[in-house]
Every structure is written in C-alpha cells, then in structure tokens.
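# Secondary and tertiary structure notes
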Amino acid sequence: MIIVMEPGSSKERIDAVIRRIEDLGYGAHPIYGVERTVIGCVGHEDKSPLSQLESMPGVEAAIPILKPYKLVGREFKPEPSVLDFAGVPVGGERLAIVAGPCSVESRQQVLEIAHAVREAGAQFLRGGAFKPRTSPYAFQGLRGKGLEYLCEARAATGLKIVTEIVSVEDLPLMNEVDVLQIGARNCQNYALLNAVGQTKKPVVLKRGMSTLISEFLMSAEYILSEGNYNVALCERGIRTFETATRFTLDLNAIPVIKSLSHLPVLVDPSHGTGNWHYVEAMARASVAAGADGLMIEVHPDPKNALSDGPQSLKPEKFQKLVVEVRKIGEAMGRKI
Ligand code: PEP
Ligand code: MN
C-alpha cells in the first residue's frame, strides 16, 4: 500500500501517519519529494487495517501495490533513482564505471590497477578480498590484508572501493569499505541481504546465475525493506544451454528491470561472457540498451591472475573500452 500525502503536507501530519502505520504493525518507508511525500507501507499480507489511514488529515489517497515487490517497484517510485555511492551518483545521466581485479592479490597489484583504471575514467575500484570460489582448494582471497590494500589504493587514487561480502559475520570488517557487493552465489542469501539492509552502506547486488528477474527484484526488496535504499542491481549473466561462453549475458534484463524498478542497473560483461575478447562488445551493447554503469575485471597479467584471468582485460584494453563506451554513452545522453 502507498499512502500519498497532499502536496505541501506538514511534517506533523506526515509523522502522525507514519506513527499510525507503525502502530498498526507495518513498516513505513517515506519518500520525501519536492512537492509531495508518499509513504510505502509494508508488512503482513492483510492490508485492510491500512484503509483507515485514508481519513487522516493530509492523506490524499491510499493505493494498493499489486506487484509482490513493493519498495523496489515503479508503482512506489515512478522516477528512476539516482543513488549516492559514497559521494558518487549512480543512476541519472552519469555512467558508473567499476573496474579492478577479480581478486586482490597483492599490494603492488591493486595499486597498479587502481592507478590504471582511474586514469582510464573509472570512479570505483573493485577487488575481491573474500572470494566465493566454486572449489574449496582455489584461492579464497587475502581477506583482512586485501581490505587494507584496497583502502590504501583509495587513498592513493581517490577511487571509491567496492568489495564482496560473503558472510554476515564479516560485516564488522567492512566498516571502511565504500560499497558492498553481494555476489551471484549469495543473491538469495536472505540472512546476508537482511544484514546488509540494516547497514546504510551502498550495495551492488548481483543477479544469481539461475535467478529470475522477479526473484532478483525480491532479493533487492529484502535490502530496501530493512531501510537501505542505496542498492544498484547488476546483471552478470545467467546459465543457459550455451557453452561457448561462461554465462549468457542477459541484455533483456536491462530494459525489463528498468521498466519494473526505479533502481539503477549495472552490467558485468566480464562474468557474463567469461572471455576478455567479448567484453568490450558486450559493454557497448549494455550501455546502448540503457545500463547505468559497468563492472569490468582488469588485470595487468591475466595469464597469472589468481582468479578469472581469462575474462580480465589488460589496462590498455580497458582504457580502449572506456573510450568506446563513452561514445555510445554520449549517443544515449550519458556521460562518464
Ligand atoms: C566477482 O565479481 O568477482 C564475482 C565473484 O562475481 P559473481 O558473483 O557475479 O560470480
Ligand atoms: Mn571474478
């Protein structure tokens, strides 16, 4: 249910409605617009007690939300969200470029990549310190040391840092991180989604490799329902019958999600293809299809990378990608 307040309603009236919603046992999620405030009510299935709100002073209408996801949907918020990712806008007219190694491997490696991707035009440095690997024998990440190196790279370049959280218990270690990534394998880890929702940290939520768009949006709903609205969705390829590429990058997801949700959509063509040869083409296609940003894996020595070397671009190739993507962005009215 959405409660639409009359234009120019006073703070007292808005607060009174919020209190009544909470007294009735629902969560209240206000959006304070320039002209009017709307309040999303979420909670148990029976919405009939909420109809009494219609008679409260300042309430213009109570409108049911028909979709299963409430706060992430366009019914609740028709205009696209421009998020604040540690001071950098995500959504809106700027394209967000998130780039860096799959794994943080050493201080030297992450500093070198950070300088290179910054020069090319990225605003965010990504790097996994905790890696969710298919094999328990594969490199699992430098953990705390990796986070330290990312912070050092931020200090040296001014890039904001993005890193993956794989478990609720690691949350206290993430205080210094600018943006939390929830990976494909944890897209439906509801305990992790709730815990991250309780922080106010920006989140990049990646689509699970077998997650329907409707399920993906419900995963984002977990985070928003806890009060954290700073969530960008990331398409990173899904499992299909095709084996020529590691995954099949679902470009359909971009216009579909953008029609259903106000949240920004990023695309990760590195995991989506699994092969560096195809990354630039799919990055261009993503921006042409309306993506709000890209996540790209970059490594100076892909052959010796500890994870995802075959899909990682060398810094020169990444630089060229940004040049090409910028052209497509301009044609779409977007800047980097
Ligand atoms: C990654 O970003 O390195 C990663 C593990 O991605 P995904 O969760 O999409 O597989
Ligand atoms: Mn990776």
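Structural notes, computed from the coordinates. (Residues numbered from 1 in each chain as written. Chains lettered and ligands numbered in written order. Predicted model: local features only at pLDDT ≥ 70, side-chain atom pairs only at ≥ 80, totals over all residues. Heavy atoms only, no water.)

Time to look at the nonpolar core. With 70 residues, the main nonpolar core has Phe318 and Leu321 as its most contacted residues. Looking at this core, you find at least three residues from each of domain 1 (2–63) and domain 2 (83–331). Sequence-distant contacts of Leu321, that is, excluding residues within four places in its chain, are made with Val279, Glu280, Ala283, Leu294, Ile296 and Leu313. With 16 residues, the next largest nonpolar core counts Ile18, Cys41, Leu53 and Ala62 among its residues. (Core = buried A, V, L, I, M, F, W, Y, C linked by side-chain atoms within 4.5 Å. Buried < 20%, exposed > 50% of the residue type's maximum accessible area, 1.4 Å probe, protein only. Domains from an automatic or database assignment. Contact = heavy atoms within 4.5 Å.)

Along the chain, Glu112 falls in helix 2 (residues 107–120). C-alpha separation for the pair Glu112 and Ser55, spaced 57 residues apart in sequence, amounts to 62 Å. (Helix = DSSP H or I, 4+ residues; strand = E, 2+ residues; numbered from the N terminus.)

Those donors, Cys102 (SG), His271 (NE2), Glu297 (OE) and Asp308 (OD), are the protein atoms that reach the manganese ion (ligand 2), and they lie 2.0 to 2.3 Å from it. In primary sequence terms, the donor set of the manganese ion (ligand 2) follows C-x168-H-x25-E-x10-D. Taken together, the residues Glu297 in strand 14 (residues 293–297) and Asp308 in the loop between strand 14 and helix 9 (315–331) connect sequence positions eleven residues apart. For Glu297, a relative accessible area of 0% translates into the label buried. Look at Asp308 and you get buried, because its relative accessible area is 17%. (Donors = N, O, S within 2.8 Å, 3.2 Å for Na, K, Ca; no water.)

Our next topic: the pairing of strand 7 (residues 96–100). With five of its five residues buried, strand 7 lies for the most part within the structure. Taking every second residue as pointing to the same face, both faces of strand 7 are buried, with Ala96, Val98 and Gly100 on one and Ile97 and Ala99 on the other. Where strand 7 meets strand 14, five bridges bridge the pair, whose relative direction is parallel. Note on strand 14: the bridge partner recorded for Ala96 is Gly293. One ladder, built from two bridges, connects strand 7 with strand 8 (residues 124–126); its direction is parallel. What sits directly across from Val98, in strand 8, is Phe124. Viewed along the sheet, the connection from strand 7 through helix 2 into strand 8 turns out right-handed. (Pairing = 2+ DSSP bridges. Right-handed = clockwise from strand over helix to strand, strands pointing away.)

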